[in-house]
Amino acid sequence: MARIAVGGFQHETNTFAPSLATLAAFETAGEWPGLTTGPELPERVRGMNLPIAGFIEEAERAGHRVLPTTWGAASPSSYVTKHAYEHIAGLILEGLQAARPFDAVYLCLHGAMVAEHLEDGEGELLGRVRALVGADIPVVASLDFHTNMTPEMVEHANALVGYRTYPHIDMADTGRRTAQHLDRLLDGSGGVHTAFRQIPFMIPLTWQCTTAEPMQSIMAMRDDAEGGEVASLTVAAGFPAADIRHCAPSVVGYGRSEAAVERAVDALAREIERREGEFEGVLYSPDDGVRRAIEIARAASRPVVIADTQDNPGAGGDSDTTGMLRALVRNDAPKAAIGMMVDSEAARAAHAAGAGSTLSVALGGKSGIPGDAPFEAEFRVERVGDGRFTGTGPMYGGARMDLGPMASLRIRDIQILVGSRKAQLADLSMYRHCGIEPTTREIVVNKSSVHFRADFEPIAAEVLICVAPGPMVADPGVLPWTRLRPGIRLRPNGPAFDPRAGSPAPGAATPAASER
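Residues numbered from 1 in each chain as written. Predicted model: local features only at pLDDT ≥ 70, side-chain atom pairs only at ≥ 80, totals over all residues. Heavy atoms only, no water.

Caption draft 1: Here's a closer look at helix 5 (residues 121-133). Its 13 residues give helix 5 an end-to-end C-alpha distance of 19 Å, which sits within 8% of 18 Å, the value for a rise of 1.5 Å per residue. When you tally the buried positions in helix 5, you get 10 out of 13 residues, the bulk of the element. Among all positions of helix 5, only G121, E122, G123, L125, L126, G127, V129, R130, L132 and V133 are buried. Buried residues along helix 5 sit in contact with strand 1 (3-10), helix 4 (82-99), strand 4 (104-109), strand 5 (139-143), helix 6 (151-156) and strand 6 (159-162). At the C-terminal side of helix 5, G134 shows a positive phi close to 90°. (Helix = DSSP H or I, 4+ residues; strand = E, 2+ residues; numbered from the N terminus. Expected span 1.5 Å × (residues − 1). Buried < 20%, exposed > 50% of the residue type's maximum accessible area, 1.4 Å probe, protein only. Contact = heavy atoms within 4.5 Å.)

Caption draft 2: Representation of the sheet that holds strand 9 (residues 250-255). The sheet built from 3 strands is open, its strands ordered 7-9-8 with antiparallel pairing. Strands at the two margins of the open sheet, each flanked by one partner only, are strand 7 (193-198) and strand 8 (230-236). Averaged over neighbouring strand pairs, the angle between their axes works out to 10° when direction is ignored. As defined by bridge partners, strand 8 adjoins strand 9 across 6 bridges and the pair is classed as antiparallel. For V230, the partnering residue across the bridge sits in strand 9 and is G255. Each of strand 7, strand 8 and strand 9 touches helix 9 (residues 258-274); the most contacted strand, strand 7, lies at about 15° to it. (Pairing = 2+ DSSP bridges. Axes fitted to C-alpha atoms, helices over the stretch in contact; angles between N-to-C directions.)

Set out below in C-alpha cells:
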C-alpha cells in the first residue's frame, strides 16, 4: 500500500477572452464542485466524470491510501488572477506539507492555464511541487486534450497522461489510467524514458474532434503504438487561444526502452504533420447557417444542431453573445431552441415575473464583444428552474450542476434557455431542466464547439458550425498574437508567426464568409 497525496487546479485560459478567473470563480460551484480542501474532497467528486474522481477510485481499488489536499476548477475564461493562482497553489503546497510522509503525488491539471503573472501555470505548479518533495518522489498528473504542453511541465513530472477523447468522455478514465501508470512507477515496472515533441502548427478547436478525421485515425494510431516497451502515449491537440510561447499541439511518451518511445512519439508527430491540411471544414455565417438548417429540417425527422462555436464557454466565452439568436429571429426559424444564454439579471427577472408572464428585457450581449450587443425584445416566460440538476450525458453524466436561477423564454417559435452561471451546453439535461425538449425541436443552437457532439449527435439530423461574433474565434490565424515562438503556423498550412510582422486588426476576429 502506498500513501498518495492528491490535489488539482484546473483552468483553460483564453488570453483573448473578456473575463478574468477570480478566486470566486473557483469557489463557486457550477458544472463541477467548487474549491474543496481536506478530507471531504473524495466524496465531493466521487462518481463524476473528472480525472481526480477516476484516480481516487482506482487508487483505492488498488489498496492505496489517498491523502487529499485541495482541488479546484473554474470555467474557461481569460487569465487566472495572481491572487487566485497563489491562493490555490498555496493550499495545495500546504496540503502536501501536512500530508507527509507520502510515497507519490497526483495532480489533476488542465495544461492550458495562464495566470496574470505566469505564462505556464502548470509548469510553475509542478516545479514548486518538485522543489517541495524532492527528486525521488514520483509526481504524476492528468491533463486535458487541449493542453499546451511545455518543456517545464515535462521536466518536473514523472508522467503526464492526457485525455484521449474530444468530446471529453474519458476524463475519469484518464484519472484511472494515471493511477495505473503510477502503480507501475512505484513497483519499478514503469517507463523511465521520456520523449516530447511539439507540432509546428495550431489546430483550430472545432477541427480537433476525435470522432472525426483526421484526429480519429491519429488517435487510433496512438492506441496501436502504446503497449509493451511504450508505457504511455499522449497526443495533446493544444488550446489555440493562449498567447504564450508554448501554445501548440504536442506528443509525449514514456517507456522502458528509450529507442521505442522515441520512435513512437516521432511517428505520431510525423503523422499529425503529414495530415496538416485535413484540419479544416465548413464554417457558416449566422444567417447562412440558420437558412441551411431550415432547409434541412423540412425533410428531417430529427433536429439540425448548430454550434455557436465562437461563444463557447468551454473555451473562454461568456456564453452571452446574441448573434445566433438574432439570426434565428431574422429568419423566423421554426421550432428552434438556443442555449445557454448566461444573463443572471434576465434569469432573476423571469423568476420574479413567473411562468406564463410577459417580460421585456435586454438579453445577453454584456461581455463587450465587438459586433455584439444586448437583444432587446419582449419574451414569454415559459418555465423557471433553480439550476440544480444532475447531468445525464456522456460528458456531464453524474455532474451535480448548480447554474443558479434559470428560465426558458420564448420569442416567436424560438425557445431560449437562460442561466446565471456559465457552462458549456453539452448535455440534454440542461435544456430539459427548464422544460425544453431538444428532440422535438427542428433547430437546436448550442454554445459549444465540440463537447455537445457526445450527447447531441445521436439525436441530430446534421451538425452545422456557425461563426457569430465571440471571443473563441474559429480561425486562430486572425488573433493578435504577440508571444508565440517564432515560426509556428497560426493555422494549418497558414502563415508562420513572425514577432516583427505585427498583428491582424482586432476586427478581423469574426469571419464573415460562409465557408472557407
